[in-house]
Amino acid sequence: MTPEATMALRQDLPPYEPFHYYRDRESAWLLQAHLKDDTSVRAVRQTACAKLLDRPLIKPLAAGGGGVLRHHDLRMLARADCVLDFEALSAPGYAALEAVYDAPWMDFEITYDIWQDRDWQWAQMSRPGANLVVQLGFPSDHAVLLQRTIGKADRDTFECDLHPVRTRGRPTLAWARLDIDVKSGSALIEEVQSDWLRFVRRYVRDLTDARPRSRVLRNTQAYEAGLTERYDKVWAKALLTHVLILLRDRLRLRDVFMHQPVPGAMLKSIDRRLPPRSLYTDLPKSFCFAPTRDVPDFLRIKRRKHLRRLDRAAPLFWKMAF
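Keep in mind the model is a prediction, meaning the values are calculated, not measured. (Residues numbered from 1 in each chain as written. Predicted model: local features only at pLDDT ≥ 70, side-chain atom pairs only at ≥ 80, totals over all residues. Heavy atoms only, no water.)

Draft legend 1. Focus on the overall build of the protein chain. Of regular secondary structure, the protein chain possesses 15 helices and ten strands. Its C-alpha radius of gyration of 21 Å places the protein chain within 12% of the 20 Å reference for a compact globule of 322 residues. Along the first, second and third principal axes, the C-alpha set of the protein chain runs to 60 × 50 × 40 Å. Looking at the 322 residues of the protein chain, the share that counts as buried comes to 53%. Distance between charge centres in the protein chain, computed from 52 positive and 41 negative side chains, equals 5 Å. (Helix = DSSP H or I, 4+ residues; strand = E, 2+ residues; numbered from the N terminus. Rg over C-alpha atoms; globule rule 2.2 N^0.38 Å. Buried < 20%, exposed > 50% of the residue type's maximum accessible area, 1.4 Å probe, protein only. Lys, Arg positive; Asp, Glu negative; His and termini not counted. Charge placed at Lys NZ, Arg CZ, Asp CG, Glu CD.)

Shown next, in the form of structure tokens:
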């Protein structure tokens, strides 16, 4: 995406916005996005979304619906933080929604930024231009955890100022970088990353070596344990859920691509420490992305020479088509 187009898109988005995540929100959203109407459970089991039927939020809905998944139930479960049409819910849908309201919610804060550099390969982009950055700010309970364990923290300890993180307001728990092409109706998720959790763990290791009996080590260990318990298994799901809502529901894009580990590293010129493999394997699988040799139209010509160097039998990207 050109810097000008990225700036125009950024200006159309709010300065910040709340995003509420509750367990399995992505499962309900994915099903209602892919199923255009009421659908039999048997038919869903023949699709790429079959695994979602066994998720905790969806399983009771599938079991109690008389063999049918109602689109309205799924839509309401995916949008439980909005004004809902309760009267149109089925009995299983109403029970599932009550379970959502009884479960813990996380009030993340979403902000947006632009990522670009003249040396686009240093910036780990697949083509010259700019990326839209979606920043996932910590929920409000993080401030309580921080104060209870280590007190005030110097943000520089757990952030890198060369990465696309916020410098004010809530710290950035994680971010995603997006290359968007409105003309072709497609987008590429360039990167999904969290520095804060990784840097806290590195800080604990450093303190263990340098100050093994210190109070600051004990406090930081307590902080790390709290972070892991609350956010470690949640942040990537919450971030990718919001990214897909942005791309499909707000920008009306049809195709969303995500990098495979090896082709992604090559296209982004990563030749040293590779990103966590699970973020580019387990995460897209859990969201029902399909492996593909399709290439985003906006990369097909620009990076054709590089794509030809890759294994001709292996998938090049993950893809979700709406």
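Draft legend 2. Molecular detail of the packing of aromatic side chains. Summed over the entire model, instances satisfying the criterion amount to ten aromatic pairs. Ring geometry for Tyr-101 against Trp-105: centres 6.0 Å apart, planes inclined by 25°, an arrangement best described as stacked. Accessibility expressed as a relative area gives 37% for Tyr-101, which makes it partly exposed. Pairing Phe-158 with Tyr-223 gives two aromatic rings, centres 6.2 Å apart and planes at 35°, and the pair type is tilted. (Phe/Tyr/Trp six-rings, centres within 6.5 Å; stacked < 30°, edge-to-face > 60°.)

Draft legend 3. The environment of Arg-300, seen in detail. Here Arg-300 is to be found in helix 14 (residues 297-300). In this structure Arg-300 comes out as partly exposed when scored by relative accessible area, which is 40%. Within the structure, the side chain of Arg-300 is placed 2.8 Å from the backbone oxygen of Val-295, a separation counted as a polar contact. (Polar contact = N/O pair within 3.5 Å; in protein donor to acceptor, adjacent residues only side chain to side chain.)

Draft legend 4. Summary view of helix 1 (residues 3-12). Buried residues of helix 1: Thr-6, Leu-9 and Arg-10, and no others. For helix 1, the angular spread of buried residues about the axis comes to 100°, placing them on one side. Counted as exposed and oriented over 90 degrees from the buried face of helix 1: Glu-4, Gln-11 and Asp-12. In this fold, the buried residues of helix 1 make contact with strand 4 (105-116), strand 5 (130-137) and strand 6 (172-181). (Arc of directions from axis to C-beta. Contact = heavy atoms within 4.5 Å.)

Draft legend 5. A look at the sheet that holds strand 4. Within the open sheet, the eight strands sit side by side as 1-4-5-6-7-8-10-9. Their pairing is mixed. Each having just a single partner strand, strand 1 (16-22) and strand 9 (290-292) make up the two edges of the open sheet. When the angles between neighbouring strand axes are averaged without regard to direction, this sheet yields 35°. (Pairing = 2+ DSSP bridges. Axes fitted to C-alpha atoms, helices over the stretch in contact; angles between N-to-C directions.)

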